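# Geometric and topological summary
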Amino acid sequence: MRIDSLLSLLDEHSISYQFKGDSNGELTCAASLALAEPNALSFLNASQYLPALEQTHAGLVILKPEHQALCPVACVAVDAPYYVYSLCAQALYPDLPSAYTIAASASLAEDVILPNGLCIEANAVIKSGVVLGQGCWIQAGAILEEGVQVGQGCKIGAGVVIHRDCLIGDFTRIESGTVIGGEGFGWAPHQGRWSRIPQVGRVRIGRHVSIGNNCCIDRGALEDTVIEDHCIIDNLVHIAHNVQIGEGSAIAGQVGFAGTTKLGKHNIVAGQAGFAGHLSTVDSCHFAAKTGVTHDIKQAGAFAGFPAQEAVKWQKQTVRLRQLDKMAAQMKAMQKQIDALQHLVESTPIIPNQ
Amino acid sequence: MRIDSLLSLLDEHSISYQFKGDSNGELTCAASLALAEPNALSFLNASQYLPALEQTHAGLVILKPEHQALCPVACVAVDAPYYVYSLCAQALYPDLPSAYTIAASASLAEDVILPNGLCIEANAVIKSGVVLGQGCWIQAGAILEEGVQVGQGCKIGAGVVIHRDCLIGDFTRIESGTVIGGEGFGWAPHQGRWSRIPQVGRVRIGRHVSIGNNCCIDRGALEDTVIEDHCIIDNLVHIAHNVQIGEGSAIAGQVGFAGTTKLGKHNIVAGQAGFAGHLSTVDSCHFAAKTGVTHDIKQAGAFAGFPAQEAVKWQKQTVRLRQLDKMAAQMKAMQKQIDALQHLVESTPIIPNQ
Amino acid sequence: MRIDSLLSLLDEHSISYQFKGDSNGELTCAASLALAEPNALSFLNASQYLPALEQTHAGLVILKPEHQALCPVACVAVDAPYYVYSLCAQALYPDLPSAYTIAASASLAEDVILPNGLCIEANAVIKSGVVLGQGCWIQAGAILEEGVQVGQGCKIGAGVVIHRDCLIGDFTRIESGTVIGGEGFGWAPHQGRWSRIPQVGRVRIGRHVSIGNNCCIDRGALEDTVIEDHCIIDNLVHIAHNVQIGEGSAIAGQVGFAGTTKLGKHNIVAGQAGFAGHLSTVDSCHFAAKTGVTHDIKQAGAFAGFPAQEAVKWQKQTVRLRQLDKMAAQMKAMQKQIDALQHLVESTPIIPNQ
């Protein structure tokens, strides 16, 4: 890809930039500043890499205006280099199937709606009533049960299972091994046994959502489990029945949500955090790794610990915790001092009131 | 389904009930009180939904006797509405394959024992020596290795893998992507490397067990890993080699058990809890979310925290923890007070003993 | 397998041993001391099983020299019985496919390099440019994308997905349902949305590595995610982009690593521990279950807690934590004592300085 094509791409996105260098250069890959050869696109996002910038052999570096002078090679200065890099890298590495064909070994029900421009790979199973949007890429071994609807431009990864009637919005990506619309964990206890509550809701996933590998997003008990537009979800995440994940939220690896919890919009949840059921959070909350949320979060902010509290308080608390030993020693010393004082006072003859 | 058929079902289960309304009504789905139309079954389980009850348009509501008078539509009053709802919903939504057929693309070894009334979906792989019970539903892409035995009426989900010789009891359900009988994590350390201990035990799963999506239940090292009857297990649960899960226990999402741990009967384990290896718990324990159990639990009760302790103590401790800052301040004030007192006492002339 | 064949095996590994008994005995399985019949190999590794040793009917017991005299049956005394057992058990239970054949239902690209002595099971999908080493066992439904290279003697489990261009070293085993080389979780935030960073690195896995079931090891963003030789990894482990796991490390179930973290060699990580991103640990660290590592670990040792600290300090802290209630009560008593003292002192007439 020529540099001037990348610059046109920035124009298309109405991104203002300053370019320095020869726009005829050809880029064929992306690489870190340190390893980039003249055919590589690179970027500078953090000042710790300034020394690498000064030594780089990259073909083009995306950076902030203030670092432009230090760059020994062609560069494009923008306000948000990492974002601009993401656009250019997407152009360099289009994530598309090698061909828009339907594998002979795929099992397709007769009534599946198949627009042109589909890729369905080996051993995919598409059951009755499925509707696929244009440009969908159904990878090897993926299974779409009865009535599933997938929007246009979606990627359904290898071995993914989407159970009956679930809805996937346009341009959404579901990575390998993830199960969408599995049975929610709904049981009525009865005389020491468990009676199954049929889970008759669906999973509705919005547009431009990304879901990682080996996740589980359960269908709703009566109403739907909902993942709103523009959410990004990492690997091994568990989302129970009737959860709602608000628009634009980001959820890191191994996070779990119990049933009917409602995450606000633009929440960020770090790895291994967990949410009890029937909770809600407002928009723009941030949850640290391993946080255990056990109550509603009614004001935006950063939270940590278990039970979750304001992150700043949790940090103070962890510092205090490490001083506990010292506190105990100090208490012992104080007790000794008091006892000595008491002894002294009591052994002092009191002058009677006269 | 007609209401009188549902009432017959309650009779079959020897459930005593009071019915009010027209038993000729026809129900075709289940819905929440708020959203139910006249063709929907609904239920009232928690008093917070009483306002919804008074407004409902459901075709039939299952509720407790004390709420009967408030119900504007047909209702059936029982002692355990949620349990009775589960029975009725199972009747309304039978979880059965669309047809009892064997897909052409399924790979079946020649010696597999196949009773009548089986559903084997596309791309399922059934290896030599497998025995399937009547009415089994083997979903798309499931893999049953050599010698696996599956009881009657089981559902083996899409993409499930059951490794050689494992035993699955009658009416057990294993949801999509779960791996039963994978290699246990057994290694002998030797000069900085690890030598593999072949895992020659099996997994034995009882009757009426339910296992969620993308779980891992490892086979035993020498003896078997055992899941007893009537256990229910949620998604992404890890059960290591030689673990035993006692009858009727319920295990929520992302819980992990290290090797050879033995959970008592009717234990309830909330999400993201973890058990160290070689432990045991007695019957009827309850473990809160994120609990880390590191020692035997010898008396039934509720436990929380890491290391696990009685839940009540853990709750007190978390309250105290949040007071640590205050405690530190108080100690500082006390020290000041003592020092002032000491100064006062020491500056007071002592009257000599006379 | 005859006992004298097992003894030859020890000779081949240059293991010194003392044998007592009849070397013509035939062993057909392994079992615990308590359950072993005369056809079974067994071992004694912990002194708690000494009573079982004295009662055993095993055909051969592997044990330490000091326990030889107590053994009522044939035994072989060695310094490291568990390691020697692992070698013998591997010989008794060779983990090999039933036949080195390629299933008709496997989908193989035309240019796949297939040496002799391969087993490719039903429905495996091997895409263009894949190179397989001699003796590889590709289990049912495994998917190897374009350009994947697998060394000799590897086992790729049922339903495993290995994405494009990833490299698997010789004698490495990847268990069922694991996803290697999935997209890393790389996103540039932009105006409340997320722009995808194409993940153009690979996963490089060394020799003699073992990876459990339903794990996720993401490909690198620019450079590679690396698992070095002789690592062992349990189930449901999440390894994010650009992580490096040092040689010989052992990682238990449900552990998670955020991006670009570098684990030293011979680290041992217990279950449900988590590592923040961009960290490093030195060699020979041990992390307890549920540890949350949030900073570089610069000195070898044992660590626990969240945030991680030296395990000994964490243990003390947990003891102190449980004394918090007592400490608070003690503080209250001290305050009372001080106040009483103060009252006493203040009510005592001061003799004016004379």
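An account of the accompanying structure is given in this report.

## Some thoughts on the relation of the copies chain A and chain B
In screw terms, the move from chain A to chain B is a rotation of 120 degrees and a rise of 0.1 Å along the axis, fitting with an RMSD of 0.1 Å. This pairing of chains is accounted for by a three-fold axis.

## Remarks on the sheet that holds strand β23 (residues 225-227) of chain A
Spatially, the seven strands line up as an open sheet ordered β9-β12-β15-β20-β23-β26-β29 (chain A), and their pairing is parallel. Looking along the sheet, the strands with just one partner apiece sit at the ends: β9 (131-132) and β29 (262-263) of chain A.

## Things to note about the side chain of A:Thr56
All names here are of chain A. As for its placement among the helices and strands, Thr56 is situated in the loop between α2 (50-55) and β4 (60-63). Thr56 sits in the buried class, given a relative accessible area of 4%. At 3.2 Å, the side chain of Thr56 and the backbone nitrogen of Ala58 are in polar contact. In this structure Thr56 touches Leu33, Ala36, Val61, Pro72 and Val73, once residues within four positions along its chain are discounted.

## Topic: the sheet that holds strand β9 (residues 131-132) of chain B
Residues and elements named next belong to chain B. The strand order across the open sheet formed by seven strands is β9-β12-β15-β20-β23-β26-β29, and the pairing between neighbours is parallel. The open sheet is flanked by β9 and β29 (262-263), the only strands paired with a single partner. Both strand β12 (residues 149-150) and strand β15 (residues 167-168) contribute to a ladder of two bridges, which runs parallel. When the sheet's bridge partners are listed, Gln149 is paired in β15 with Leu167.

## Considerations on the interface of chain A and chain B
Every contact between the two is made by 66 residues of chain A and, on the other side, 68 residues of chain B. Taken together, the two surfaces of chain A and chain B that pack against each other cover about 5,500 Å², and 65% of this comes from carbon and sulfur. Three residues, A:Phe185, A:Trp194 and A:Arg196, lead the burial of chain A against chain B; their summed loss comes to 12% of the area buried on that side. Scanning the region where chain A abuts chain B turns up two salt bridges. For B:Glu121, the salt bridge is made with A:Lys127, and the minimal N-O distance between the two is 2.6 Å. The tally of links from chain A across to chain B stands at 30 residue pairs in polar contact (both at pLDDT 80 or more). Listed by contribution, the elements that provide at least two residues to the side of chain A that touches chain B are β17 (179-182), β18 (187-190), β19 (193-196), β22 (216-218), α4 (311-322) and α5 (324-347) of chain A.

## Here's the deal with the interface of chain A and chain C
Listed by partner, the interface residues are 68 residues for chain A and 65 residues for chain C. Where chain A meets chain C, there are two salt bridges. The greatest single-element share of the side of chain A that touches chain C, amounting to 12 residues, is contributed by α5(A). Across the side of chain A that touches chain C, the residue classes break down as 33 nonpolar, 25 polar and 10 charged.

## Quick notes on the pairing of strand β3 (residues 40-43) of chain B
All names here are of chain B. Of the two faces of β3, the one holding Ala40 and Ser42 and the one holding Leu41 and Phe43 are both buried throughout. Where strand β2 (residues 29-30) and β3 come together, two bridges link them in parallel fashion. Paired with Cys29 across the two strands is Ala40, which belongs to β3. Inspection of the sheet shows β3 paired to strand β4 (residues 60-63) by three bridges, in the parallel sense. Within β4, the position partnered with Leu41 by the bridge is Leu60. Remark: the β3/helix α2 (residues 50-55)/β4 crossover connection has right-handed handedness.

## Notes on the pattern of salt bridges
Using the criterion set out here, one finds 39 salt bridges over all chains in the structure. Taking the shortest distance from any N to any O, the salt bridge between A:Asp95 and A:Lys155 comes out at 3.1 Å. Here the residue A:Asp95 occupies a position in the loop between α3 (81-92) and β6 (107-108), and A:Lys155 occupies one in strand β13 (residues 155-156), the gap between them amounting to 60 residues. Look at A:Asp95 and you get buried, because its relative accessible area is 19%. On the accessibility criterion, A:Lys155 (6% relative accessible area) is buried. B:Lys265 is the salt-bridge partner of B:Glu228, the closest N and O atoms lying 2.9 Å from each other. Here the residue B:Glu228 occupies a position in the loop between β23 (225-227) and β24 (232-233), and B:Lys265 occupies one in the loop between β29 and β30 (268-269), the gap between them amounting to 37 residues. For B:Glu228, a relative accessible area of 23% gives the class partly exposed. In this structure, a network of salt bridges that share partners links the residues A:Asp95, A:Lys155, A:Arg173 and A:Glu175.

What counts, and at which threshold
- Residues numbered from 1 in each chain as written.
- Chains lettered and ligands numbered in written order.
- Predicted model: local features only at pLDDT ≥ 70, side-chain atom pairs only at ≥ 80, totals over all residues.
- Heavy atoms only, no water.
- Least-squares fit on C-alpha atoms with pLDDT ≥ 70 in both.
- Pairing = 2+ DSSP bridges.
- Helix = DSSP H or I, 4+ residues; strand = E, 2+ residues; numbered from the N terminus.
- Buried < 20%, exposed > 50% of the residue type's maximum accessible area, 1.4 Å probe, protein only.
- Polar contact = N/O pair within 3.5 Å; in protein donor to acceptor, adjacent residues only side chain to side chain.
- Contact = heavy atoms within 4.5 Å.
- Buried area = accessible area lost by both parts, 1.4 Å probe.
- Salt bridge = Lys/Arg side-chain N within 4 Å of Asp/Glu carboxyl O.
- Nonpolar A, V, L, I, M, F, W, Y, C, P; charged D, E, K, R; others polar.
- Right-handed = clockwise from strand over helix to strand, strands pointing away.

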